Every structure is written in C-alpha cells, then in structure tokens.
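# What the coordinates show
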Amino acid sequence: VNPAQPLAGVRVLDLCVVFSGPFASMILADLGADVIKVESRQHYPDTTKGPRRFTAKAVSMLDNTLKGYVDADPGARPWNRSARVDVVSRNKRSMTVDLTRDSGREVFLDLVERADVVMENNAPGLLSKLRLEWDVLRARNRRLILLRMPALGLHGRAALSGVGSNFEAMVALPSFRGYPDLPARDQQYTFRMDASTGTGGALAVMAALRRARRTGEGREIVLSQTTNLMHQSADVLMAAQVTGKDPDHPGNGHVRLAPHGCYPTAVEDRWVVIACRDDDDWSRLVTALGEPAWAADAELATMEGRRRHEADLDEHIAAWTSEQTGAAVEDVLVAAGVPVSPVLREPDKIDHPQFVSRDWFLTMDHPEAGRRRYPGHMWRTTAGKLRADRPTTTLGQDNDDIYREVLGYDEERIEQLRREGHIGTRYEFEETDDPQDGASGGGAGG
Amino acid sequence: VVDVAVEQLREESLLSDVVVVEVASEVAGPFTARLLADLGARCIKIEPSGGDPTRRWGPFRDDVEDIDASGAFLVWNHGKESVVLDLESAEGTTALDALLAHAQILVEDGRLDVDELRARFPHLVIVSVTPFGREGWGAGRPATDAVAYAIGGAMSSTGRPDRPPYHLGGSLIQAFVGSAAATAAMAGLLAAEDGGEGQWIDVAWVEAEAGSVDRSAPYLLGYIYSGLEALQEPARARGLPGGSYPCADGNVVASTYGWTIRRMLDTVGDPELDAVLGESLGNVYRPVGREVLDRVLPAWMAARTKEEITELAQSKGWAVTPSNTVLEVIDDPFLEEAGALERVDAGRLGELVLPGPAFVTPGGPRFRRRAPNLGEHTEIVLAELVPDGVT
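In this text the structure is predicted, and so the values were computed from the model without any measurement. (Residues numbered from 1 in each chain as written. Chains lettered and ligands numbered in written order. Predicted model: local features only at pLDDT ≥ 70, side-chain atom pairs only at ≥ 80, totals over all residues. Heavy atoms only, no water.)

### Overview of the overall build of chain A
Helix and strand counts for chain A stand at 21 helices and 12 strands. Taken over the C-alpha atoms alone, chain A extends approximately 85 × 50 × 45 Å along its principal axes. Expressed as a percentage of its 446 residues, the buried residues of chain A come to 60%. A separation threshold of at least 6 residues defines the contact pool for chain A, and within that pool the share at least 24 residues apart is 72%. When the accessible surface of chain A is summed, it comes to about 16600 Å², and 48% of that surface belongs to carbon and sulfur atoms. In chain A, 56 side chains carry a positive charge and 66 a negative one; their mean positions are 6 Å apart. (Helix = DSSP H or I, 4+ residues; strand = E, 2+ residues; numbered from the N terminus. Buried < 20%, exposed > 50% of the residue type's maximum accessible area, 1.4 Å probe, protein only. Contact = heavy atoms within 4.5 Å. Areas by Shrake-Rupley, 256 points an atom, 1.4 Å probe, with all protein chains shown as cover. Lys, Arg positive; Asp, Glu negative; His and termini not counted. Charge placed at Lys NZ, Arg CZ, Asp CG, Glu CD.)

Right under this line is the structure:
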C-alpha cells in the first residue's frame, strides 16, 4: 500500500462533464481511487470533449483553435488528441453504457453495488430523468456516497444552467479584477470555479469516505459549485460590507499593497510582477534600486503613504524595469528578498527551475501523442508518489475489464449488450458519418 | 434496530474527532486549517504575541484598527481557537510539542523544522503551505498572489494584447491553494488512520495553481501538445451573442454558443432576429445577422431586470445569469434561494453575510463561531492539553 495513494480500493463512478467535476474525480484518481468514467456511445459530450470535427477552413484560419491538439492537428477524432480532455482524464478508466435505456440503467445499478462513490455535475434534473435519484442508488448500496455538484442549486429558482463564467459573474469575481478604465461588462472572465470545485468535491468525498469506513453508511452530498467558490473570495464579500462600497477594478494595483504592479521590461510584451507586502519589502526594494532620490520621500516609508503615491511609484519602477530583462529584474529582487517574477508564458514554464528542481512535470506515454511531459500534481508528499499511470483514457477503453471483472457478467450477456450498442469504443455518430476507420493523423475532417 | 452510537456519530460533524494545529499566517495556510475547522475539526491556531498579520489588514468597522475585529482575519480564521505562544522560547516549543501530541494534523507555512518534528511525531500529517515549496529552487522565497499567478497561472494570456496582463484580485490564488492543501491533508489523514504513519505534504502555491483547471494546466498541456501558447485575446474575441450585457438594473452574462442560439431566439422572440438567424444557427458571424443581433439583443436586455432576464432565459434553457457587483451579491435572489448566503455573527465586526455551507450533508461544513480574539484560548487550551500547565 502506498500511503500517498490512500484511496486505492475505492471505486468511483464518474458521471461528470466539462472541467469541474472531472477535476474533482481526477484528484481522487491521483490518490489511487479506481475512477471509472461512465460514458456513452450515443451521446457525444461536446462541452467536455470539444468539437467533433474541424472544417479545413477553421484549421487554416484560426491558429488558436488548434491550440491544445496534439501537434496542432485535431485529426479525425479530435477528442482523443485534446489537452482539455486529457488534463482531467489522468489515471481514469472508461466504460460505455447508454443510461437512457433500461438495459443500460440496470448495468449502472449493478455497478453502484460495486462502487463506493458516484459523482456528477450535470444539469440539475438529469439524475431524475434517468431515474437514478439518491433513493434508488442507496437502495442498492447503503455504503454509497453520492456527490452532486450543481452549478448553483438543484431545486427551484436555484436550478440554473450555465457555465463557470455565468456563476463567477454572479458572485462578482470579474468585478474586482481588470483594467480600471473599462466598465464591468468589458472585464475578462476569471475562470476559477472549475478549480475550486475540483478540490472542494474531492475534500467532500474523502470526509464522507472516512465516516463511511466507521459507520458503514454512505450519504448524499450536494456541493453548490457557486457557494463553494464564494469561500475563496469571501474576503472581498466581507470587505464590501464593512466598508459599504464595492471594490474598484484594481488593474495591477492592490487594495492594500503598494507598490504592486505588472511592469514592462526591455523586451516587448514581456512583463514582470513586483509586490511589496510591507514596509520591510519596500526598504529592501529601495536598497536594490540603489537608493534613488525619488524613493527617499519620508511619506513613502508607510504603506498608506505609498498608496497615496501609487501612480508615481509605478512610473519610477517601470522606468527601472523597462531597461532590463525580466530575468535581470528577478535576479536583483530575489537577492533582495522582494516578491517578484516575470510573467511566465507556457514555454517559459517547461524549463523553469521551480518546476525542474522539484521534478514537477510528469512523463507519460499517450496513445496518440507519444511520450510527453504533463502538468504535475498539486502537492508532493514524503509518503510516496501520487499516481501517474496513464495520461488519458479513451471512450470505452476499459469495457472488457469492467464488464468482466468489475461486473462479473458472462460472455453471453456482454455480447447482448454489445449488440444493443452499449459496449464499444466508437461513438455512434462515427459509424453513420464516416464509415471508414477514422484513425488519427488524417488531418481536418468534414 | 438502530445503533444509537452509530446514529450519533452520523449526525456529528464529519471531522469532530480531529485536532488540527496551525502555525501559519495570512491566507493560504490559515484557509487550509479553516476548511477543516468548518468540517468540525478542533483547530488550534498558534499566534505570536503580535498576532497573525491579517489582524491588521482590516477592514475595520468605522476604520478603527482592532486586532480582534479585522475582516480579513475573520474570513480565514472563523471557528478556530487562538493560542499565543512564543516559539522562540523553550516554554513555547514545549507547549507546542504538547499540543502536537494531541493533534492529527499540523498546518505550517515554512517556519518550522519539519524534519525534526517528524522524527518526534511520526503519527502527524504535516502540511506545509508555502509559495514555492519547502525544497527546491524557490524554497524560502516570498510571493504574493500576483507573483504566484505570474508563475503558476495563466496570467500571460489575460487582458488585452496592447496592454499588460493583469492579476486576479482578492486572494483567489492563496485561497485556492488552501483548498488544495485541505484536500491533501484529508488524504494524509485517511492514510494515517489506515497505516498508523503520518506524512509530510509539501504544497507549493505555484504548483497547486499550475496543476489546476480550467486555464493553467490546460494551457500548459495545450502548449506541450501543439507548440502554440495561449495569447491575450482582443476584447469580445469570442463574439456575440455570448458575454456580458447591460440591463435595466445592472448586467447579465449570457453563455451562448452553437445550437444554444436557438434558445436565445426562443427567449427573445423577435421576428426580425428569427428571420436572420433562425435558419443559420451557429453562423451569427454573418454580417447581416450580426447587425440585427447587435441592435435587437442589447435593446431587449436594457428593457428588463437581471432577475426577469434570468428567469425568462432559463425557462427556455438559455444560460443567462446575473452579473453582480460585490454588494449586489448580498441581495441576489438566486444565491439566496440556493443557500449560498448566510447571515453570521462576526463578533465585534457585527452581522455579516458570508458564504453558506460549501457543501450540504449531515455533519457537513458550517460557520461555527466568530474568529477568536488574540490569545482568547491560551489559558484554557494549555490547561487542558499541556501537562503540568506550562504557560
């Protein structure tokens, strides 16, 4: 037993879509859980797996569209070459079954008897529509934990549909970031809900598993993704009430700190972040800058004074940074003990000493991409390695193992389910749209 | 037959039998411990005599500094007990040792000699939460949210192409890191209860962020796969009809793409819009459709409130929601209905609206009590847990 993977032996049925729920279940898989993606040949989840095809025109015109596909080529089956899919599929298994039919529903309920956790983040009404509500699942397995993760709520007016950007705006996240001169509607989305649901969902499941180990009783958990996210911005919610006013868009300033900014460097469109947490950081910065005359003003010795002169400070600091590279600024200020970093682009991260020195990237073999580096785990532990068995999972890839070994079905039943269309490794639309084998690398389809 | 003991246990808080000791300040470490306290763990926060710096961050009622009524301290520390110890002194470290003997989890932010503690407290799950991790290139370096975002996050692709990228605001990076660290602590606890051994979990802010979705890790892997990096996009690059719209009493956000444009047409019910878009769903970028859309949709939005628009759109399955300012959050009817808002007694800060339970289940997380005053529990905790009453 590897104590870095304490969920070995825990089986999770993963009905999650898009990023948030799949991220939560991936954290459990990293911790050793047997996470089985319950997928369907009949329903292509385009919000999870992206467009089914790319027209030749899209491929030729929009570089950005191809960002995230192996070798910038979506191929004939883009969902098998997609970073957005793989980044939440690590260490999972996949089976196919059509839950909308009674025969498929029965398979799922058999699985429930052999599982510890079911998790889902679908539209609020989906489990009812499938007749897979809590009472039904619990009747099959008293130890079962059901984690439901609606965007906001499951019932009544709270049963709203939408994506992260909807609900991040509902709790005002874009209202306290961005350029001060632009109105709220022109500020960029924040993209924080998926991440917070991932950790929040995994935490909830583990707390419930711990209890189930003692009592033999599972439970239903409803995690409102929006409410869970709000805990991460509760300081802003509190501050508005105490001060009686909404925060401004701070640009690269800070509600409490000065100087605090994202400054230009000698290289066009390369930037460096510098922040002073307190008066000590400020005096270290002044020393590092060579004690310039403008910094000697006594008013600048306190945070309050520096905040009053924020614009001037930014101008002086920018004049200093814009004569150097970001790396040079970093060297000087790291030596001085001031918080600093160039704004890294993705290529910078690959070789960055932070990630290299801690061996953070994972290396895994991908069926279409070959051997690649992968973003690493969110923490490390002396107990051993977190799991990094496979970088992705493809549709129905583990059908054989799951139908035979987990479910224990005999060949006759498996053959029947295959004939009925439940079991397979291709989407049904692939058979109607494109009769020949759409193996990868074929360039843009359609 | 109902087993009374089992019934009682079930109704208790999920972590009511867990003791967490926290030697951390500011946001990431304290939020790690607070999430465990929300679940019912007893969390003993060790503070120096001057207190956690967030006690001075405010904001304060009427702008009057009060170390026992700082808003920032409240948010990241409610539900805990505060014990003041001088960890530079022998008495302080002796008392800490005594507390750790009772604890299952220690959360620290880089100040403790963890190797030494592990040797003496092998049962402990020790969670270090620091900007760059406790080993490696950046160990010991300071950071802020913005610095960590610049390294681990997708900051380079924020903002407009002709301007600097910008940071997130609030404490969103550190708070997310805290949630990851609490999850890690929970995993460590399960392992310790299984195998009897603790472990040292090393959480680096920049790595937790870099390994997360839906921007940081996807953009990083996207680059590894495609060789194309994420770029700043021009405003509204995604185009209409999605995005933020002003309405009669604020703003709404519409998520509209592909075939869901049909739902928008059903909601708005405008014959002209139907005529130009109805037969070419998904192709709103045609100039004629775009011109009509730019005229009709903003006018339709402007004539209605956030609540009206949300209800109409959602009844047709169109994903439109209010886009609130922070103060508007408190009055949002949909958040209210969802139980996302909870009126709490914040002690000298008065009554405040804070987020409701992060998830709902018997024994689940809740706001338990206001944040502790500095050293409020020093005497009682030391008398209870420290043999010979070291003080």
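### Considering the overall build of chain B
Counting its secondary structure elements, chain B contains 16 helices and 11 strands. Principal-axis analysis of the C-alpha atoms places the extent of chain B at approximately 85 × 55 × 50 Å. Across the 391 residues of chain B, 60% fall into the buried class. Looking at chain B as shown, the accessible area adds up to about 14000 Å², and 50% of this sits on carbon and sulfur atoms. With 32 positive and 60 negative side-chain charges, chain B shows a spacing of 6 Å between the two charge centroids.

### With respect to helix α7 (residues 172–195) of chain B
All names here are of chain B. The end-to-end C-alpha separation of α7 is 35 Å, in line with the 34 Å expected for 24 residues at 1.5 Å each. The element α7 is extensively covered by neighbouring structure, given that 21 of its 24 residues are classed as buried. Just past α7, the residue Gly196 takes up positive phi, approximately 80°. (Expected span 1.5 Å × (residues − 1).)

### Thoughts on the confidence of the model for chain A
The predicted model of chain A averages 93 in pLDDT, with 95% of residues at 70 or higher. Contacts of residues 435–446 of chain A to residues separated by more than four positions or lying in other chains number 26 contacts, the stretch itself having pLDDT below 50. (pLDDT = per-residue confidence, 0-100.)

### Comments concerning the sheet that holds strand β1 (residues 11–14) of chain A
All names here are of chain A. Taking strand neighbours across the sheet as the criterion, the 6 strands line up as β3-β2-β1-β4-β5-β6 in an open arrangement whose pairing is parallel. A strand with exactly one partner marks an edge of an open sheet, and here the two such strands are β3 (93–96) and β6 (219–222). Here the strands of the sheet are splayed against their neighbours by 20° on average, with no regard to which way each runs. Relative to β3, strand β2 (residues 34–39) is paired through 4 bridges, and the arrangement is parallel. If you follow Val38 over to β3, its bridge partner there is Met95. (Pairing = 2+ DSSP bridges. Axes fitted to C-alpha atoms, helices over the stretch in contact; angles between N-to-C directions.)

### A short note on the side chain of A:Lys37
Residue and element names in this part refer to chain A. Mapped onto the elements of the fold, Lys37 is located in strand β2. Although Lys37 lies buried, it forms no salt bridge, and the closest oppositely charged side chain, Glu39, sits 4.2 Å away as judged by the N-O distance. Residues within four places of Lys37 in sequence aside, it is in contact with Asp14, Ser89, Lys92, Arg93, Ser94, Met95 and Thr393. (Salt bridge = Lys/Arg side-chain N within 4 Å of Asp/Glu carboxyl O.)

### Section: empty space enclosed by the protein
Scanning all chains against the criterion turns up 7 cavities of 30 Å³ or more. Along the wall of the largest cavity there are 26 residues; nearest its centre are A:His231, B:Arg34, B:Leu35, B:Asp38 and B:Ala358. For the lining of the largest cavity, the secondary-structure elements that each account for two or more residues are α10 (193–215) of chain A together with α2 (28–38) and β11 (351–355) of chain B. Class assignment of the residues belonging to the lining of the largest cavity gives a composition of 13 nonpolar, 9 polar and 4 charged. (1 Å grid on protein atoms, 1.4 Å probe; cavity = no way out; pocket = protein on both sides within 12 Å on 5 of 7 lines; lining within 4 Å. Points joined across faces, edges and corners; volume = space filled by probe spheres on them. Nonpolar A, V, L, I, M, F, W, Y, C, P; charged D, E, K, R; others polar.)

### Section: the packing of aromatic side chains
Residue and element names in this part refer to chain A. Throughout the structure, instances matching the rule amount to 17 aromatic pairs over all chains. With 5.5 Å between their ring centres and 85° between their planes, Tyr44 and Phe429 make a pair best called edge-to-face. With a gap of 385 residues between them, Tyr44 in the loop between β2 and α2 (46–49) and Phe429 in helix α21 (residues 428–433) connect regions that are remote in the sequence. Note on Phe355 and Phe361: the rings are 6.0 Å apart at their centroids and 70° apart in plane angle, and the pair reads as edge-to-face. (Phe/Tyr/Trp six-rings, centres within 6.5 Å; stacked < 30°, edge-to-face > 60°.)

### Remarks on the pairing of strand β1 (residues 19–23) of chain B
Residues and elements named next belong to chain B. Where burial is concerned, most of β1 is hidden: 5 out of the 5 residues are buried. Across the two faces of β1 the burial is the same, with Val19, Val21 and Val23 and Val20 and Glu22 all buried. As judged from the 4 bridges shared by β1 and strand β2 (residues 42–47), these two strands associate in the parallel manner. Note that in β2 the partner of Val20 across the bridge is Cys43. Remark: the β1/α2/β2 crossover connection has right-handed handedness. (Right-handed = clockwise from strand over helix to strand, strands pointing away.)

### What about the interface of chain B and chain A?
Across the contact, 152 residues belong to chain B and 147 residues belong to chain A. Overall, the association of chain B and chain A removes approximately 13000 Å² of surface from exposure, summing both partners, and the carbon and sulfur fraction of that is 62%. Applying the counting rule to chain B against chain A returns 13 salt bridges. Of the charged contacts in the structure, one is a salt bridge between A:Arg213 and B:Asp194, with a shortest N-O distance of 3.5 Å. In this structure, the connection of chain B to chain A is made through 67 residue pairs in polar contact (both at pLDDT 80 or more). If you tally residues by element for the side of chain B that touches chain A, the top one is α7(B), at 16 residues. Looking at the side of chain B that touches chain A residue by residue, the classes come out as 87 nonpolar, 39 polar and 26 charged. Pairing analysis gives 2 bridges linking strand β12 (residues 380–381) of chain A to strand β6 (residues 199–204) of chain B, with the strands arranged antiparallel. Paired with A:Thr381 across the bridge in β6(B) is B:Ile201. (Buried area = accessible area lost by both parts, 1.4 Å probe. Polar contact = N/O pair within 3.5 Å; in protein donor to acceptor, adjacent residues only side chain to side chain.)

### Considering the environment of A:Arg53
Here A:Arg53 is to be found in the loop between α2 and α3 (56–61). Residues A:Arg53 and A:Arg284, spaced 231 residues apart in sequence, show a C-alpha to C-alpha distance of 55 Å.

### A word on the side chain of B:Glu209
Along the chain, B:Glu209 falls in helix α8 (residues 205–210). Owing to a relative accessible area of 1%, B:Glu209 belongs among the buried residues under this scheme. One polar contact links B:Glu209 to A:Arg192, side chain to side chain, over a distance of 2.7 Å. Within the structure, the side chain of B:Glu209 is placed 2.9 Å from the side chain of B:Ser216, a separation counted as a polar contact.

### With respect to the state of the cysteines
Within this structure, the stated rule accounts for 0 disulfides over all chains. Here A:Cys276 stays unpaired: no disulfide links it, and the sulfur of A:Cys262, its closest cysteine neighbor, is 15 Å away. (Disulfide = S-S within 2.5 Å.)

### Things to note about the pattern of salt bridges
Enumeration over the complete set of coordinates arrives at 67 salt bridges over all chains. With a shortest N-O distance of 2.5 Å, A:Arg142 and A:Glu217 are connected by a salt bridge. Taken as a pair, A:Arg142 in the loop between α8 (134–140) and β5 (145–148) and A:Glu217 in the loop between α10 and β6 lie far apart in primary sequence, 75 residues in all. Residue A:Arg142 is classed as partly exposed on the basis of its relative accessible area of 47%. With a relative accessible area of 11%, A:Glu217 lands in the buried category. B:Arg134 is the partner of B:Glu108 in a salt bridge, and the nearest nitrogen-oxygen pair spans 3.0 Å. Residue B:Glu108 is located in strand β4 (residues 105–108), and its partner B:Arg134 is located in the loop between β5 (125–130) and α6 (145–152); the two are separated by 26 residues in the primary sequence. Classification of B:Arg134 as partly exposed rests on a relative accessible area of 26%. Here the salt bridges do not stand alone but share partners, grouping A:Glu106, A:Asp110, A:Glu113, A:Arg114, A:Arg140 and A:Arg413 into one network.

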